[in-house]
Amino acid sequence: MTSLTTLSIREALVELSAGRISSLELTQAYLDRIAKLDPKIKAYLTFTPDLAMKQAKAADEKRKKARDKTALPPLLGIPLAVKDVLAIQDLRCTCGSRILENYYPPFSATTVQRLLDAGVVILGKTNMDEFAMGSSTENSAYFTTHNPWNLTRVPGGSSGGSAAAVVAQLAPAALGSDTGGSVRQPASFCGVTGIKPTYGRCSRYGLIAYGSSLDTVGVFGRDARDVALLYEIMAGADPFDATSMEIPVPHVDFSQNPDLSGIRVGVPQEYFIEGIQPEVEKAIRTAILQMKSMGASVHAISLPHTKYALPVYYLIAPAEASANLARYDGIRFGLSENEGNLLSLFKNSRGNGFGSEVKRRIMLGTYALSAGYYDAYYGQAQKVRTLIKQDFEKAFEHVDVIATPVAPTTAFKIGEHSNDPLAMYLEDVFTLPINLAGVPAIAIPVGFDSENLPIGIQLLGSHFREDQLFKIAHAYQLTTEWHKKTPDL
Amino acid sequence: MSLTIQEVVHIAELARLTLSLEEVEQYRDQLSAILDYAQSLKELNTDGILPTSSVLPDRSALREDEVLTGLSIDQVLKNASKKQDSQFKVPPVME
C-alpha cells in the first residue's frame, strides 16, 4: 500500500468510510512524517500530537458508532495544519511574534471552528512571517521555514509554513491568510494549490488582524478539489464578523470533463513586465494556451493602474496595521515589560515584543496617518485604490477570469532580500492589486524552472465567484500533472 | 524625500515604540526610501474620485438585541500579565 500521507483528502475519506484505514492510522502517519522531516523543513511552530491523537480517536469512535453513515461530519478524521495567525481555543497562538509567545486564545476562529465541527484533526500551528508581514517566513520571530524543493530557498510567505507542510506531505491541507498575497505566493513557491477568497467570504473572527480591509482566510491543498472541499465549509456569513457577507456559497459540481468552452480568459499586459523571470512568463503563457486548447477564449486586456498597487498597498496596509496593532499594550495579553509608568509599559512592551519588519510597518502607517500627511499619503492611496478596483470591474465586464503570474520569480534564496525591504515588497507586485480590489484568486502550479523550483499561475475572478475559479483550476488539473509533483525528501 | 532623526523619533513616540538609536537611523533611511517610492501616487489626478475604505457594498450589519453568553472573567483575564480582584492591573497613569 502506498503511504497514507500521499492520499488526497477525497481519497482518504473514501478509505475512512470503507473502513480500510482509521483516522488514528492516518494521523499517526502524518505525525511520524513530521517527526522525521520537519526538523529540516521547519514548517510547524507548534505541534499538537496529543490533541491530534485524541481527536483522531474520537473521530474513529464516532464513525464506528454512527447508525447513519451519510450523516457523519464531512471531514471526519481528516488531519489539518493551521497557520499560527488563527486562534484555536487554549492552544498557543504566537502569530510568529515574540509579543504573543505565551498567548492562549480563549476562543477559536470561526473558520477553524467550522472545520472542527466538520471533524478535522489538528496536527499543529504553522510558521509565518510575524503578524503576516512578509513574503518569505524570514520575519518569523522563531525561525525560517525551508522550501521543500530546495532547502536553501524560502517557501514564500507569509503563510510559508502551511504551503511547505502541504507539499512536503506534513499535512494533507492547511489554512493560511492572505492580505497581500500570503496564500498565493507561498502556494506558487511550493507548488501547491491555494485559494484567497473574496474579501467578506470567510469570517475574520479569530484571525489576528493585520490590514482589516484586506485580510482574508485561505486554504492550501494538493489540488483544487481538496481546497474547494475545505473552503465550502469555511465560507459564509458569521454573526461575529460584520464584514462577512450573506451571499450563498454555491457548491461546485466538479465534472470530469475538462471543457472550458465559453470561458473568457483575460490576460493583462501590465502583468508581463520587464524583470519577470523568462521561465515564469513562458510557463504562464503555456498554461493559458492549454486553457485555450480546452475551449477557453483568450483576450488581451488592460488593468491600467496596476503599477500604483504597490505604493497604495504599502500605505494602506501599514496604516491599518498601525491601528490594529495598537492593541498590544502589555496589559490584556502579550509580552509585558514594565519599567515605571503606563507610557513606558506601552513603549517597552512594544519596542521589545515586535520584530523589525512589524515596527517598520507600524512606523510607516503611523506616519501616513499623522497630522499633516494624512491627505497626501493615506487619503490619496484610498482614492487610487478606487481606480484599481474600477480597473477590475471594467475588465470583468468582458472576461470571466484573469490569468497572471503569481510572482515575478520562483522562490528566492534565504537571506537574499533581508536587508532591502523595498526589494522584498516588490515580490508581491502581482498579488497586492487583488486584495485592494477584494476579488477572489486561486494559485495553481503550472511548471518548474531550470532549477526545479515550482511556478504558479493565479486566476482572478469577480467578487464571490470562487466557484468559477475552482472549476477552471480543476479542469486544468485534469489535463496536467504539475500539481502531482512532489519534492524528494 | 528624506525624514529627519527628529521626525522618526516623533513617529516612534506616536506609535508608542521604544527604539534604539541604531533602529532610528535604519528606519530613517528605509522609511525615506519607501515614501520616495510612494511619491508616484501624486502624479495621478484624483479630483472627484471617492476614497475606498472597504470593497464591500455600504451596508449596516444589524442583529436582534439578544443577550448572548460572552467569555467568563477568568477567560478574559487569563492572558493578562498582572491582575487583581477580577481586574487588569496597570501602573499609575499619572504620578
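Rules and cut-offs
- Residues numbered from 1 in each chain as written.
- Chains lettered and ligands numbered in written order.
- Predicted model: local features only at pLDDT ≥ 70, side-chain atom pairs only at ≥ 80, totals over all residues.
- Helix = DSSP H or I, 4+ residues; strand = E, 2+ residues; numbered from the N terminus.
- Rg over C-alpha atoms; globule rule 2.2 N^0.38 Å.
- Contact = placed C-beta atoms within 7 Å.
- Pairing = 2+ DSSP bridges.
- Axes fitted to C-alpha atoms, helices over the stretch in contact; angles between N-to-C directions.
- Parallel < 35°, antiparallel > 145°, perpendicular 65-115°, else oblique.
- Left-handed = near helix turned anticlockwise from the far one by under 90°.
- Nonpolar A, V, L, I, M, F, W, Y, C, P; charged D, E, K, R; others polar.
- Buried ≥ 20, exposed ≤ 12 C-beta atoms within 10 Å, placed from the backbone.
- Right-handed = clockwise from strand over helix to strand, strands pointing away.
- Expected span 1.5 Å × (residues − 1).
- Arc of directions from axis to C-beta.
- pLDDT = per-residue confidence, 0-100.

Draft legend 1. Examining the overall build of chain A more closely. Within chain A one finds 15 helices and eleven strands. Its C-alpha atoms give chain A a radius of gyration of 21 Å, within 12% of the compact-globule value 23 Å for 489 residues. In chain A, of all internal contacts separated by at least 6 residues, the share reaching a separation of at least 24 is 76%.

Draft legend 2. The arrangement of the sheet that holds strand E8 (residues 297-301) of chain A in detail. Residues and elements named next belong to chain A. Taken in spatial order, the eleven strands make up an open sheet running E1-E3-E2-E4-E6-E5-E10-E11-E9-E7-E8, and their pairing is mixed. Since the sheet does not close on itself, it has two edges, and those belong to strand E1 (44-47) and E8, each with one partner. Taking the axes of each pair of neighbouring strands and ignoring which way they run, one obtains an average angle of 30° across the sheet. Where E1 and strand E3 (residues 121-126) come together, three bridges link them in antiparallel fashion. Across the sheet, the residue bridging to Thr 46 is Lys 125, located in E3.

Draft legend 3. Geometry of the packing of helix H9 (residues 309-324) of chain A against helix H12 (residues 375-395) of chain A. Residues and elements named next belong to chain A. Packing of H9 against H12 brings their axes to within 9 Å, and their N-to-C directions diverge by 125°. On the basis of their axis angle, the class for H9 and H12 is oblique. The hand of the H9/H12 crossing is left-handed. Counted together, Ala 309, Val 312, Leu 315, Ile 316 and Ala 319 of H9 and Tyr 377, Tyr 378, Ala 381, Gln 382, Val 384, Arg 385 and Ile 388 of H12 form the full contact between these two elements. Among the residues forming the contact of H9 with H12, the class breakdown is ten nonpolar, one polar and one charged.

Draft legend 4. Looking closely at the environment of Ala 242 of chain A. Following the sequence through the fold, Ala 242 of chain A ends up in the loop between helix H7 (224-234) and strand E7 (264-268). Spatially, the C-alpha atoms of Ala 242 of chain A and Arg 204 of chain A are 9.3 Å apart, while their sequence positions differ by 38 residues.

Draft legend 5. Structural view of the packing of helix H4 (residues 110-117) of chain A against H7 of chain A. All names here are of chain A. H7 packs onto H4 with a crossing angle of 110° between their chain directions and a minimal axis gap of 8 Å. If you check the angle between H4 and H7, you find them roughly perpendicular. Where H4 crosses over H7, the handedness of that crossing is right-handed. Touching Thr 111, Arg 114 and Leu 115 of H4 are Leu 230, Ile 233 and Met 234, all from H7.

Draft legend 6. Seen up close, the interface of chain A and chain B. Across the boundary between the two partners, chain A contributes 55 residues, which contact 43 residues of chain B. If you list the elements that add at least two residues to the side of chain A that touches chain B, you get H9, helix H10 (342-353), helix H11 (356-369), H12 and helix H13 (421-426) of chain A. With eleven residues, H12 of chain A is the single largest residue contributor to the side of chain A that touches chain B. The residue inventory of the side of chain A that touches chain B, partitioned by class, reads 29 nonpolar, 18 polar and eight charged.

Draft legend 7. Representation of the pairing of strand E2 (residues 79-83) of chain A in the model. All names here are of chain A. In terms of burial, E2 is a largely internal element, five of the five residues being buried. On E2, burial covers both faces: Pro 79, Ala 81 and Lys 83 on one face and Leu 80 and Val 82 on the other are all buried. The sheet contact formed by E2 and E3 spans five bridges and is parallel. Counterpart to Pro 79 in the pairing with E3 is Val 121. In this fold, E2 hands off to H4, which returns the chain to E3; that crossover is right-handed. Direction of pairing for E2 relative to strand E4 (residues 173-178): parallel, over a ladder of two bridges. Bridge pairing in E4 places Val 82 opposite Leu 175.

Draft legend 8. Fine view of helix H8 (residues 278-293) of chain A. All names here are of chain A. With 16 residues, H8 extends 22 Å between its outermost C-alpha atoms, agreeing within 8% with the 22 Å of an ideal straight helix rising 1.5 Å per residue. Within H8, burial applies to Val 280, Ala 283, Ile 284, Ala 287 and Met 291. An end-on view of H8 places all buried positions within 100° of arc, on one side of the element. Exposed residues on H8 whose side chains face more than 90 degrees from its buried face are Pro 278, Leu 289 and Ser 293. Summarising the contacts, the buried residues of H8 are in contact with E7, strand E9 (401-405), strand E10 (441-448), strand E11 (454-461) and helix H15 (466-479). Backbone geometry just downstream of H8 places Gly 295 in the positive-phi region, at approximately 115°.

Draft legend 9. Fine view of unusual backbone geometry. Residue and element names in this part refer to chain A. Going from Gly 157 to Ser 158, the amide bond is cis rather than trans, its omega being 5°. By the element assignment, Ser 158 lies in the loop between E3 and helix H5 (160-167). A positive phi angle, near 55°, is found at Gln 169, a position not held by glycine. Among the secondary structure elements, Gln 169 is positioned in the loop between H5 and E4. With a phi angle near 65°, Asn 452 is a residue other than glycine that sits in the positive phi range. By the secondary structure assignment, Asn 452 is in the loop between E10 and E11. The partly exposed category is assigned to Asn 452, around which 13 C-beta atoms lie within 10 Å.

Draft legend 10. Region of the structure containing the confidence of the model for chain B. The pLDDT averaged across chain B works out to 92; a share of 99% of its residues lies at or above 70. The ipTM value of the predicted complex is 0.95, and its pTM value is 0.97.

Draft legend 11. Highlighting H15 of chain A. Residue and element names in this part refer to chain A. With 14 residues, H15 ought to run about 20 Å at 1.5 Å a step, and its terminal C-alpha atoms sit 20 Å apart, in line with that. With ten of 14 residues buried, H15 is to be regarded as a mostly interior element. Inspection of H15 places Glu 466, Leu 469, Phe 470, Lys 471, Ile 472, Ala 473, His 474, Ala 475, Tyr 476 and Gln 477 among the buried residues, and these make up the whole buried set. For H15, the secondary structure elements touched by its buried residues are strand E5 (193-196), H7, H8, E9, E10 and E11.

Draft legend 12. Region of the structure containing the environment of Ala 403 of chain A. All names here are of chain A. Secondary-structure assignment places Ala 403 in strand E9. Classification of Ala 403 by C-beta neighbours within 10 Å gives buried; the count is 23. In the structure, Ala 403 is positioned 56 residues away from Leu 459 in sequence and 4.7 Å away in space, judged by C-alpha atoms. Excluding residues that lie within four positions of it along the chain, Ala 403 makes contacts with Val 265, Val 267, Ile 288, Ile 457 and Leu 459.

Draft legend 13. View of the environment of Asp 50 of chain A. Residues and elements named next belong to chain A. Within the fold, Asp 50 resides in helix H3 (residues 49-65). With 8 C-beta atoms counted inside 10 Å, the residue Asp 50 sits in the exposed group. Distance from Asp 50 to Leu 123, taken between C-alpha atoms, is 9.0 Å for residues 73 residues apart in sequence.

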